[in-house]
Amino acid sequence: MKIYVPMDSAAKALGAEDVVAALRAAAPDARIIRTGTRGMIWLEPLIEVEVDGVRHGFGPAEPGDVAGILDGSSPKALGPVEDLDWMQRQTRLTFARVGVIDPLSLADYEGHGGLAGLRRALAMTGQQIVDEVKASGLRGRGGAGFPTGIKWQTVHDADAPQKYIVCNADEGDSGTFADRMVMEGDPFTLIEGMAIAGLGVGATRGYVYLRSEYPDAIAVMRRAVAIARAAGVLGPDVLGSGRAFDMEIRVGAGAYVCGEETSLLNSLEGKRGVVRAKPPLPALEGFLGRPTVVNNVISLATVPVIFERGAAFYADFGLGRSRGTVTLQIAGNVARGGLFETAFGISVGEVVNDLGGGTATGHPVKAVQVGGPLGSYLPVSKFGAQLGYEELDSEGGLLGHAGLVVFDDRTDMLGMARFAMEFCAVESCGKCTPCRIGAVRGVETIDRIAQGDPAAIPLLTDLCATMKDGSLCALGGFTPLPVLSALNHFPDDFARAKEAAE
Ligand code: NAI
């Protein structure tokens, strides 16, 4: 009997290890295979029992459910996992193997299409590789949406004795977990993507800058790198081609701003994680002053499927200039939270109400914050907005790393605006004045609004304009988005405080 249990940290946090212990005690002869999560976090721990080659799900499982799971009588039976609505409605390209394979089995990886992209890339020149990425339409999934192929072209064209691939795995946005899920559930896809990037731009060395808050992802990635090196996927002679690429995992110390690429590079060099002024772009002067590709985990983990199935296949999905799939992370006060990969173009309302099932508390939805702590709060009237970089931008939103955090009608939006400023004040690296001082003044100004000072509202608007235009990086530059969206879309929450003071 084959039983699949996720070893993803979300499943573990929800009790997967206790269920595994109960399974081992009740069925010592069963083969228990650890996987990543399917992304249906409300069903975790989700146990899958293989019957005639079909995986049947049971969840959320507790140790007491094990007897029923083993004899098939459990009321938590969900039927074949692939037939569940959540799975059926997705287009899983980047996450195709996550939750399916044993993350640390290279044979399993290859058996599910892994390394086919790298093998194809090995027969191509660097320029052909860059052209393939350009043709796929892939844009930076960390949030900025910059065309990945153009970034690679800049590094490819730079003349330098050493170039680098740096993977930004400092996933710090609230409500986001896609990077972690792919690293824990399919680490070889990130390794393969980095190797293809290295071949494309002429970089022989790569680093994953991984946040210390992700100990499971760090352990899985380190083991995967060692396995890939032992198998010749990494090293001086990648898969016998004579082309070298090797990489290592570096652990960050937990600063949000180190997810900003220039702070990240400083931190990777052993310096304090403060922002560097751009230009020069990291593509020209990055790690140790050398041309460097800095890409997010999801951008790099998407590269293998582009090379396996072709740029045209990938570019066929999507909306407008947002090609391919978006890996939505649905979180906050929501009935069904998790990861959902689909072509760009789905609406905010469909994600929150249909997929997410509304709030977990049963209260009406008040707002959803899209794009992390620097993203806008969208009211229900904007739920028709489609998820695409330009489409959301035109609605005053920010797609960012595609996290959606849902709030119910009891949320005080003035408090959320204050939190945005406070977050910026706490996390600011201190390098530029608009962010370092502006965020502190922002908290004070919102407190004045709460105390009923009407003159504080134009002051807050002015302060936001200064932070937006004058900050060195997205932390100070984008904090005005949640603040002003709260002020503009939920004026009652600001007026009530004023009236109460009168
Ligand atoms: P950016 O727009 O300045 O740059 C985007 C990327 O394109 C950078 O890597 C930059 O070096 C590169 N680039 C720009 N012009 C280039 C050229 N001509 N050639 C080669 N490369 C070029 O945006 P930034 O500041 O890197 O990121 C801001 C975004 O980060 C925001 O939109 C926000 O959504 C996102 N974000 C993500 C977080 C996360 O946890 N994933 C956290 C906070 C913000």
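Residues numbered from 1 in each chain as written. Predicted model: local features only at pLDDT ≥ 70, side-chain atom pairs only at ≥ 80, totals over all residues. Heavy atoms only, no water.

- Per an unreviewed UniProt entry, the chain goes by the name Formate dehydrogenase beta subunit and belongs to Roseibaca calidilacus.

**Details of helix H7 (residues 126–136)**
Thinking step 1. Every buried residue of H7 is accounted for by Gly126, Ile129, Val130, Glu132, Val133 and Ser136. Across the axial projection of H7, the buried residues extend over an arc of 155 degrees, all falling on one side.
Thinking step 2. Looking one or two places after H7, you find glycine 137, whose phi comes out positive at around 80 degrees. (Buried < 20%, exposed > 50% of the residue type's maximum accessible area, 1.4 Å probe, protein only. Helix = DSSP H or I, 4+ residues; strand = E, 2+ residues; numbered from the N terminus. Arc of directions from axis to C-beta.)

**Considerations on the site of the ligand**
Thinking step 1. Taken together, the neighbourhood of the ligand is formed by 20 residues, with Gly142, Lys151, Asp173, Tyr256 and Glu261 sitting nearest.
Thinking step 2. Within the contact set of the ligand, a nitrogen atom lies 3.1 Å away from a side-chain nitrogen or oxygen of threonine 154.
Thinking step 3. Here the ligand loses 75% of its free accessible area of 860 Å² to cover by the protein chains.
Thinking step 4. Where the shell around the ligand is concerned, the elements lending two or more residues are helix H8 (148–157) and helix H21 (474–478).
Thinking step 5. Grouping the constituent residues of the shell around the ligand by class yields ten nonpolar, six polar and four charged.
Thinking step 6. Each of domain 2 (106–316) and domain 3 (318–408) accounts for three or more of the residues forming the shell around the ligand. (Near = heavy atom within 4 Å. Polar contact = N/O pair within 3.5 Å; in protein donor to acceptor, adjacent residues only side chain to side chain. Areas by Shrake-Rupley, 256 points an atom, 1.4 Å probe, with all protein chains shown as cover. Nonpolar A, V, L, I, M, F, W, Y, C, P; charged D, E, K, R; others polar. Domains from an automatic or database assignment.)

**Quick look at the environment of leucine 355**
Thinking step 1. Take leucine 355: it is sitting in helix H15 (residues 348–355).
Thinking step 2. Relative accessible area serves as the criterion here: at 3%, leucine 355 is assigned to the buried category.
Thinking step 3. Taking the C-alpha atoms as reference, leucine 355 lies 9.6 Å from arginine 89; in sequence the two are 266 residues apart.
Thinking step 4. Aside from chain neighbours lying at most four places away, what touches leucine 355 is Trp86, Arg89, Ile330, Arg336, Phe340, Ile346 and Glu350. (Contact = heavy atoms within 4.5 Å.)

**Focus on helix H11 (residues 215–230)**
Thinking step 1. With 16 residues, H11 should reach 22 Å at 1.5 Å per residue; the first-to-last C-alpha distance of 23 Å fits that figure.
Thinking step 2. Within H11, burial applies to Ala217, Ile218, Val220, Met221, Ala224, Val225 and Ala228. Viewed end-on, H11 has its buried residues packed into an arc of 170 degrees, placing them on one side of the element. Across H11 from its buried face, at more than 90 degrees, point the exposed residues Arg223 and Ala230.
Thinking step 3. Tucked inside the fold, the buried residues of H11 contact helix H9 (178–185), helix H10 (187–201), strand E7 (205–210) and strand E8 (246–251). (Expected span 1.5 Å × (residues − 1).)

**Side note on the packing of aromatic side chains**
Thinking step 1. What the rule picks out here adds up to eleven aromatic pairs.
Thinking step 2. Measuring from ring centre to ring centre gives 6.1 Å for tyrosine 164 and tyrosine 207, while their planes differ by 45 degrees; the resulting arrangement is tilted. A residue pair is termed long-range when its members are at least 10 positions apart, and tyrosine 164 in strand E6 (residues 164–169) and tyrosine 207 in strand E7 qualify at 43 residues. With respect to burial, tyrosine 164 and tyrosine 207 carry one shared label: buried.
Thinking step 3. When the centroid spacing of 4.8 Å and the interplanar angle of 75 degrees are considered together, the rings of tyrosine 256 and phenylalanine 423 count as edge-to-face. A residue pair is termed long-range when its members are at least 10 positions apart, and tyrosine 256 in the loop between E8 and helix H12 (261–268) and phenylalanine 423 in helix H17 (residues 413–427) qualify at 167 residues. For the pair tyrosine 256 and phenylalanine 423, a shared accessibility class is recorded, and that class is buried.
Thinking step 4. One aromatic cluster is present, built from ring pairs that chain together Trp42, Trp86 and Phe340.
Thinking step 5. For the cation-ring pair, arginine 55 lies above tyrosine 4, with the distance from its terminal atom to the ring centre recorded as 3.5 Å.
Thinking step 6. A cation sits over an aromatic face here: arginine 211 above tyrosine 214, 4.9 Å from the ring centre. (Phe/Tyr/Trp six-rings, centres within 6.5 Å; stacked < 30°, edge-to-face > 60°. Lys NZ or Arg CZ within 6 Å of the ring centre and 35° of its normal.)

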